[in-house]
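Structural characterization, general
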Amino acid sequence: MQGEPVSKSITARRLTAAALSAGALTAVLAAPTSAADHRDHRPKVEISRVQYDSPGRDDYSNRSLNREWVEITNNTRRSVNLDGWTLTDEDGRTYTFDHYRLDGRSTVRVHTGQGRDSRHDLYQDRRTYVWDNRSDTATLRNHRDRFVDDHSWGHHRHGGDHRHGGHR
């Protein structure tokens, strides 16, 4: 009879040790997966900044129009073909990228006014402002019209700040 409680005690300790080991192993295996998932949530191409309120007086000059812009950033090492991608405001005004490739780890600034396109600056060639100073949303879609990213400001649903969306 005396051996029986000892074997039950040993068995209980072994089971407890096995459960703790399995729990530790699960935690170790889960950590890299969740870390990898976190890295994958960073957008490959994103709207990184928006200057929706042109500094100075809104006088509709080309200089003032070009001080209103949206920056698109490629966070990957490889270039991304933006041909056919669109940048749209809430009123449906749309800029379509035409034969443009964004280099890896680089940014392009899309200005509202007129100018000569270059590797780092593109121009919508408009004569009126696009982005509403009070509230608006810039939405980036790919050539298949699939949502890529957005950036909103002044909306009560975003608490009135200039937070980056990206969750559609």
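Described below are features of the structure shown in this document. (Residues numbered from 1 in each chain as written. Predicted model: local features only at pLDDT ≥ 70, side-chain atom pairs only at ≥ 80, totals over all residues. Heavy atoms only, no water.)

1. Regarding the pattern of salt bridges
This structure, assessed with the given rule, holds 7 salt bridges. The closest approach of N and O atoms between Glu 71 and Arg 109, which form a salt bridge, is 2.6 Å. One end of the pair, Glu 71, is in strand 2 (residues 69-74); the other, Arg 109, is in strand 7 (residues 106-111), with 38 residues separating them in the sequence. Note on Arg 109: relative accessible area 23%, which makes it partly exposed. We note a salt bridge from Asp 103 to Arg 119, for which the minimum N-O separation is 3.1 Å. Of this pair, Asp 103 sits in the loop between strand 6 (101-102) and strand 7 while Arg 119 is found in the loop between strand 7 and strand 8 (121-123), placing the two residues 16 residues apart along the sequence. Overall, Arg 119 belongs to the exposed group, its relative accessible area being 55%. (Salt bridge = Lys/Arg side-chain N within 4 Å of Asp/Glu carboxyl O. Helix = DSSP H or I, 4+ residues; strand = E, 2+ residues; numbered from the N terminus. Buried < 20%, exposed > 50% of the residue type's maximum accessible area, 1.4 Å probe, protein only.)

2. Comments concerning the sheet that holds strand 9 (residues 136-141)
An order of 5-4-9-10 is seen for the 4 strands of this open sheet, with the pairing classed as antiparallel. Single-partner strands in this sheet number two, and they are strand 5 (94-96) and strand 10 (147-153). Mean inter-strand twist for the sheet, computed between neighbouring axes without regard to direction, equals 15 degrees. (Pairing = 2+ DSSP bridges. Axes fitted to C-alpha atoms, helices over the stretch in contact; angles between N-to-C directions.)

3. Concerning the side chain of Asn 74
Along the chain, the position of Asn 74 falls in strand 2. By relative accessible area, Asn 74 is classed as buried at 1%. At 2.7 Å, the side chain of Asn 74 and the side chain of Thr 76 are in polar contact. Excluding residues within four positions of it along the chain, Asn 74 makes contact with Lys 44, Val 45, Ser 79, Val 80, Leu 102, Asp 103, Gly 104, Arg 105 and Ser 106. (Polar contact = N/O pair within 3.5 Å; in protein donor to acceptor, adjacent residues only side chain to side chain. Contact = heavy atoms within 4.5 Å.)

These figures capture arrangement, not role.
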